[in-house]
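Understanding the architecture of this molecule
Below are the chains, spelled out letter by letter.
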Amino acid sequence: SSIYPQVDFFFKPGELFAFIDWLNFLEPVTSGKYNNAGENLDFRACAYIPIIQGCNNFCSYCVVPYRRGRERSRPAQDIIIEAEELAARGVREVTLLGQNVNAYGKDLNARNDLSDLLSILNEIKGLYRIRFLTNHPKDMSPRLVKSIASLDKVCHHICIPLQSGNDNILKAMNRHYTLDQYRALIGRIREEITDVALGTDIIVGFPDESEEQYLCTYQAIEEIRFDTVHVAAYSPRVEAAAFNKFQDSVPAEIKMQRLLKIEKLQKGISDAINQNLVGTEMEILVEGVKNGKWYGRTYSDKLTFLQSSDNLLGQLVEVGINKATPWALQGNQVLLVYK
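A few points on the structure. (Residues numbered from 1 in each chain as written. Predicted model: local features only at pLDDT ≥ 70, side-chain atom pairs only at ≥ 80, totals over all residues. Heavy atoms only, no water.)

1. Observations concerning the overall build of the protein
A tally of regular secondary structure across the protein gives ten helices and twelve strands. Counting only residues that meet the buried cut, the protein has 46% of its 339 residues in that class. A total accessible area of about 17700 Å² is found for the protein, and carbon and sulfur atoms account for 52% of it. (Helix = DSSP H or I, 4+ residues; strand = E, 2+ residues; numbered from the N terminus. Buried < 20%, exposed > 50% of the residue type's maximum accessible area, 1.4 Å probe, protein only. Areas by Shrake-Rupley, 256 points an atom, 1.4 Å probe, with all protein chains shown as cover.)

2. Observations regarding the environment of leucine 265
Counting through the fold element by element, leucine 265 comes out in helix 10 (residues 252–275). Ignoring anything within four residues of it in the chain, the contact list for leucine 265 reads Tyr218, Ile221 and Glu222. (Contact = heavy atoms within 4.5 Å.)

3. As for the sheet that holds strand 7 (residues 228–233)
Strand order in the open sheet formed by three strands is 5-6-7, and the pairing between neighbours is parallel. At either margin of the open sheet sits one strand with a lone partner, and together these are strand 5 (157–159) and strand 7. Put simply, the sheet's adjacent strands are angled 15 degrees from each other on average, direction ignored. In this structure, strand 5 lies alongside strand 6 (residues 197–204), joined through three bridges in parallel fashion. Across the sheet, the residue bridging to cysteine 159 is glycine 199, located in strand 6. (Pairing = 2+ DSSP bridges. Axes fitted to C-alpha atoms, helices over the stretch in contact; angles between N-to-C directions.)

4. Overview of the pairing of strand 1 (residues 46–53)
By the bridge criterion, six bridges tie strand 1 to strand 3 (residues 93–98) in an arrangement that is parallel. Within strand 3, the position partnered with proline 50 by the bridge is leucine 97. As paired strands, strand 1 and strand 2 (residues 72–73) are joined by two bridges and run antiparallel to one another. Residue pairing in the sheet places glutamine 53 in a bridge with arginine 72 of strand 2.

5. Remarks on the side chain of asparagine 122
Mapped onto the elements, asparagine 122 comes out in the loop between helix 4 (114–121) and strand 4 (129–133). Excluding residues that lie within four positions of it along the chain, asparagine 122 makes contacts with Ile130, Leu151, Asp152, Lys153 and Val154.

6. Overview of helix 5 (residues 142–150)
For helix 5, the set of buried residues is Leu144, Val145, Ser147 and Ile148. Projected onto a plane normal to the axis of helix 5, the buried residues spread over an arc of 160 degrees and lie on a single side. Facing away from the buried side of helix 5 by over 90 degrees, the exposed positions are Pro142 and Ser150. If you follow the buried residues of helix 5, they end up packed against helix 4, strand 4, strand 5 and helix 7 (179–192). (Arc of directions from axis to C-beta.)

7. Re the sheet that holds strand 3
Strand pairs in the sheet, formed through backbone hydrogen bonds, run parallel or antiparallel to each other. Here four strands make up an open sheet; going across it, the order is 2-1-3-4 and the pairing mixed. Edge positions in the sheet fall to strand 2 and strand 4, since each has one partner strand and no second.

8. Examining the state of the cysteines
What is meant by a disulfide is a covalent connection between two cysteines, made through their sulfur atoms. A complete count under the given rule lists zero disulfides for this structure. With no disulfide of its own, cysteine 155 lies closest to cysteine 46 among cysteine sulfurs, the gap being 9.2 Å. On the basis of relative accessibility, which here comes to 3%, the residue cysteine 155 falls in the buried class. (Disulfide = S-S within 2.5 Å.)

9. Here we look at the nonpolar core
By size, the foremost hydrophobic cluster in this structure holds 58 residues, and its most contacted members are Ile51, Leu96, Leu117 and Ile189. Among the elements that make up this core, the one with the highest residue count is helix 3 (residues 76–88) (six residues). Excluding its chain neighbours within four sequence positions, the residues that come into contact with isoleucine 189 are Met140, Val145, Ile158, Ile160, Val196 and Leu198. Among the nonpolar cores identified, the runner-up in size contains twelve residues, and Val286, Leu306, Leu312 and Leu329 belong to it. (Core = buried A, V, L, I, M, F, W, Y, C linked by side-chain atoms within 4.5 Å.)

10. Re the packing of helix 7 against helix 8 (residues 211–224)
Relative to each other, helix 7 and helix 8 sit at 15 degrees, their axes nearing to 12 Å. One way to sum up the angle between helix 7 and helix 8 is to call them roughly parallel. As helix 7 packs across helix 8, the resulting crossing turns out to be right-handed. Together, Leu179, Tyr182, Arg183, Ile186 and Arg190 of helix 7 and Ala220, Glu223 and Ile224 of helix 8 make up the contact between the two elements. In the contact of helix 7 with helix 8, the residues fall into five nonpolar, no polar and three charged. (Parallel < 35°, antiparallel > 145°, perpendicular 65-115°, else oblique. Left-handed = near helix turned anticlockwise from the far one by under 90°. Nonpolar A, V, L, I, M, F, W, Y, C, P; charged D, E, K, R; others polar.)

Nothing here speaks to function; it is geometry throughout.
This is the structure in C-alpha cells:
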C-alpha cells in the first residue's frame, strides 16, 4: 500500500485463521508449528475468550459498527469447548470479550443469553473465575445482574460505561439512556451484589460540551463513587456520525483540563475505597511476577502484590492487605486456597 508502505498484509478483526494460513505459507505446514494455535503457549493463569463481535448501538463517536459490523455471537458450544480446553491446560480465569458483551445471544436461534452462558461456564471443573466486558447500560438486564450475584465463579466487578453525566450530551452521543436511568441501574446492581466493584468509561470534550454539562459528569462521578474510571478526551473519527454532524468545538487544552480534573477526583475516590481494605483478607488469583513480587487480582479486580518464595503462579491465595494506593494493594500471604 502506498499509504502504509511498511505493512505487508492487513487482516480484518476476527480473521485469526487467515493469519494462521499466512504463517503456514511462510513456514510450511509440515512443521506443525501453527496448526493448533495456542496449544504450545506458555502457561498462563488467565485467558480471554471472544464471544461476540460487532455492535448494533451506533454511538455517535464510535466506528465499531462500521469496522466490525453488526453483532454476531459465537455458538455457545464453541465457547464452552474453548473454556474447557483452557481449564484443562491450567487456565484458572477467563474473561469473556465483546464490543457489547451483554448483548450476547440475541442473534442466535437458540436465544441463549449471557446469563445462560455464565451458568454453564460456572460448572467447568478447574475454572475458578469468570469475568466479562465491555457492557452497555441498556443491555444490563435484571436477569444478568441476578446471575452475577448467584454464580460463585462470576466475579463481582462490572464495568458499565457512563460516558457523560449530562442528558443532552448522552442524547447527542446516541447512548439510549438518561443519567437517572443509569443511576437506577447502579442502585439495582448494588442492591443485588452488595460487595460489587464498579468501573466506568467517560468521554470529556464531546462537541459543544459546555462547562455546566461537563460538571454534570464530574458530579455524577462524585456521587456514584466508582472503583475505577477510564477517562478519555473526545477525538473525532471519520466514519462516526459525530464527525459529520458536529464540529470538534471544545479546544484541546479545555479537554485536557477536564480530563485531569476527573482523574484527580477519581484518584481520591479510589484511594479512599482501597484504604478501607487495609486490614482485611482477600482472595487473589496469582497471575505472574513483576518487580520481584507476585501479583494478581482480587474477586473485585483489585491489582494486588505480595511477596513469597513459593511458586504461586495460578494459585488462589488468601492475602492479608497491609497497604493500599489508588491503583493497587499490597499484602502478605495468609494461606493457599484450594477449590
